[in-house]
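One-letter residues, chain by chain:
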Amino acid sequence: MRAVVVKEPGGPEALDVVDLPDPVAGDGEVVIDVVAAGVNRADVLQRQGHYSPPPGASDVLGLECSGVIASVGPGVTAWKVGDPVVGLLAGGGYAEKVAVPQEQVAPLPEGMDPVTAGGLMEVAATVWANVFMAADLQPGERLLVHGGGSGIGTMAIQMAKAFGAWVAVTAGSEAKLEACRELGADVAMNYREIDFVEGLRAATEGRGADVILDNMGAAYLQRNVAALAHDGRLVVIGLQGGVKAELNLGALLAKRGSVAAFGLRGRPRAQKGEIVSDLVSSTWPLFADQTLNPVIHATFPLEDVREAHRVLDESSNIGKVVLTL
Ligand SMILES: NC(=O)c1ccc[n+]([C@@H]2O[C@H](COP(=O)([O-])OP(=O)(O)OC[C@H]3O[C@@H](n4cnc5c(N)ncnc54)[C@H](OP(=O)(O)O)[C@@H]3O)[C@@H](O)[C@H]2O)c1
């Protein structure tokens, strides 16, 4: 099968399409014939040598895909050959075929184009696991999403609005801010021009955010704590602004706040299964009736994977970049 590997860590030119043996479905696994695979920031980090796959995962890039079940391994009860599906992967999506545990597979949402669905699972599962399962965002609460124009951000805005929350975002360009407003964001702040702590205070009569979904890590930690409402929950999912920062526990304590950080890729199979199952029962009807729509910035054939990565390197994408097989 054709698959993308990293020759030597580096820029997009480090990526090569090579021929690899087809994967075989192990116990409780299925093999998916991949139709499309999403490109994620994590893939860029892996390409640069900053993010190794978890033990046992494929070296081939790619954390999410759409496709059709090609074969099933021993003990698989949930799927049969020919089922149209989407998969949450620990790796291996940038390939014609990928093996994945059956619990990490979901049906293709009703009516969704399979290419669009290639960019669905990693972002939907990440937003669901962090904003809804971990931070327990409630209707009427206020969510701040950093990087609102990202693959993750565009999904977080839509899901939070669909479940009745108020949403503020940060982004670094007018085009991204406008896209966030169109997706339903109540307040969109250009982080190059506005201090988001002040902007949020002004927009919430001084209350702040009940939940913050953060992609910046260290660079935003102190300001995020300052932006939290009482009983607020800060969930860090990205470290684009570094890993080490000073945390004022007094400020956190005064707000009865909490800070958590979660990675999805390395979670045990059972946890991923719980997330996928909860995600599907809670949101698949909303994808089917198009309340929720994955935002696709661009699609590229697998051969143009370097071009696809250049888009993420430049951060010019609004929503997802997707590879087609
Ligand atoms: N923990 C997990 O399980 C998990 C899973 C998936 C993704 N993630 C993380 O979630 C984040 C988004 O992932 P993605 O694949 O959707 O990436 P992406 O589309 O490449 O988005 C990254 C975003 O970061 C924004 N950004 C850069 N500097 C910023 C700043 N100072 N303040 C606010 N935003 C800033 C960029 O927007 P501008 O152009 O506006 O600067 C860009 O939209 C990444 O950090 C990724 O590692 C974590």
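Residues numbered from 1 in each chain as written. Predicted model: local features only at pLDDT ≥ 70, side-chain atom pairs only at ≥ 80, totals over all residues. Heavy atoms only, no water.

Draft legend 1. Quick look at the site of the ligand. Residues in contact with the ligand amount to 26 residues; listed here are only the nearest, Gly 172, Lys 176, Tyr 191, Tyr 220 and Gln 240. Between Leu 264 and the ligand, the recorded distance is 2.7 Å, taken from a backbone N or O atom to an oxygen atom. The side chain of Asn 317 places a nitrogen or oxygen atom 3.0 Å from an oxygen atom of the ligand. In the complex, the protein chains occlude 90% of the 910 Å² of accessible area that the ligand would expose alone. Contributing elements (two or more residues each) for the shell around the ligand: α3 (121-134), α4 (151-162) and β9 (166-171). The residue inventory of the shell around the ligand, partitioned by class, reads nine nonpolar, 13 polar and four charged. Residues from two domains meet in the shell around the ligand; each of domain 1 (2-120 + 294-324) and domain 2 (124-261) gives at least three. (Near = heavy atom within 4 Å. Polar contact = N/O pair within 3.5 Å; in protein donor to acceptor, adjacent residues only side chain to side chain. Areas by Shrake-Rupley, 256 points an atom, 1.4 Å probe, with all protein chains shown as cover. Helix = DSSP H or I, 4+ residues; strand = E, 2+ residues; numbered from the N terminus. Nonpolar A, V, L, I, M, F, W, Y, C, P; charged D, E, K, R; others polar. Domains from an automatic or database assignment.)

Draft legend 2. Layout of the pairing of β9. Counted residue by residue, β9 has six buried out of six residues, so it is predominantly covered. The alternating pattern of β9 places Trp 166, Ala 168 and Thr 170 and Val 167, Val 169 and Ala 171 on opposite faces, both of which are buried. As judged from the four bridges shared by strand β8 (residues 142-145) and β9, these two strands associate in the parallel manner. Bridge pairing links Leu 144 to Ala 168 in β9. For the segment spanning β8, α4 and β9, crossover handedness is right-handed. As paired strands, β9 and strand β10 (residues 187-190) are joined by four bridges and run parallel to one another. Counted as the bridge partner of Thr 170 is Met 189 from β10. Taking the sense of rotation as the criterion, the β-α-β connection linking β9, helix α5 (residues 174-182) and β10 turns out right-handed. (Buried < 20%, exposed > 50% of the residue type's maximum accessible area, 1.4 Å probe, protein only. Pairing = 2+ DSSP bridges. Right-handed = clockwise from strand over helix to strand, strands pointing away.)

Draft legend 3. Examining the nonpolar core more closely. Met 121, Leu 137, Met 159, Val 169, Leu 279, Trp 284 and Phe 287 are the most contacted members of the largest nonpolar core, which totals 43 residues. Of all the secondary-structure elements, those providing two or more residues to this core are β5 (84-88), α3, β8, α4, β9, α5, β11 (209-214) and α9 (269-288). Top element by residues in this core is α3. It accounts for nine residues. Split by domain, the residues of this core number at least three in each of domain 1 (2-120 + 294-324) and domain 2 (124-261). By size, the runner-up hydrophobic cluster in this structure holds 32 residues, among which are Val 85, Tyr 94, Val 100 and Val 311. (Core = buried A, V, L, I, M, F, W, Y, C linked by side-chain atoms within 4.5 Å.)

Draft legend 4. Structural detail: the domain arrangement of the chain. Domains assigned within the chain are domain 1 (2-120 + 294-324) and domain 2 (124-261). On a C-alpha basis, the centres of domain 1 and domain 2 stand 28 Å from each other. Taken together, the contacts link ten residues of domain 1 with 13 residues of domain 2. It is Leu 120, Val 295 and Ile 318 in domain 1 that bury the most area against domain 2; as a group they hold 49% of the surface buried on that side. Linking domain 1 with domain 2 are zero salt bridges. (Contact = heavy atoms within 4.5 Å. Buried area = accessible area lost by both parts, 1.4 Å probe. Salt bridge = Lys/Arg side-chain N within 4 Å of Asp/Glu carboxyl O.)

Draft legend 5. Quick peek at the sheet that holds strand β13 (residues 258-261). Taken together, six strands build an open sheet; the order of strands is β10-β9-β8-β11-β12-β13 and the sheet is parallel. Two strands close off the open sheet at either side, each with one partner strand: β10 and β13. On average, adjacent strands in this sheet sit at an angle of 15° to one another, irrespective of strand direction. Pairing analysis gives four bridges linking strand β12 (residues 228-236) to β13, with the strands arranged parallel. (Axes fitted to C-alpha atoms, helices over the stretch in contact; angles between N-to-C directions.)

Draft legend 6. Highlighting the side chain of Lys 176. Its place among the elements puts Lys 176 in helix α5. Within the buried core, Lys 176 has no salt-bridge partner, and the shortest N-O distance to an opposite charge, that of Glu 314, equals 9.9 Å. Here the side chain of Lys 176 touches Ser 315 through a polar contact of 2.7 Å, landing on its backbone oxygen. Ignoring anything within four residues of it in the chain, the contact list for Lys 176 reads Gly 149, Ala 171, Ser 315, Asn 317 and Ile 318. (Lys, Arg positive; Asp, Glu negative; His and termini not counted.)

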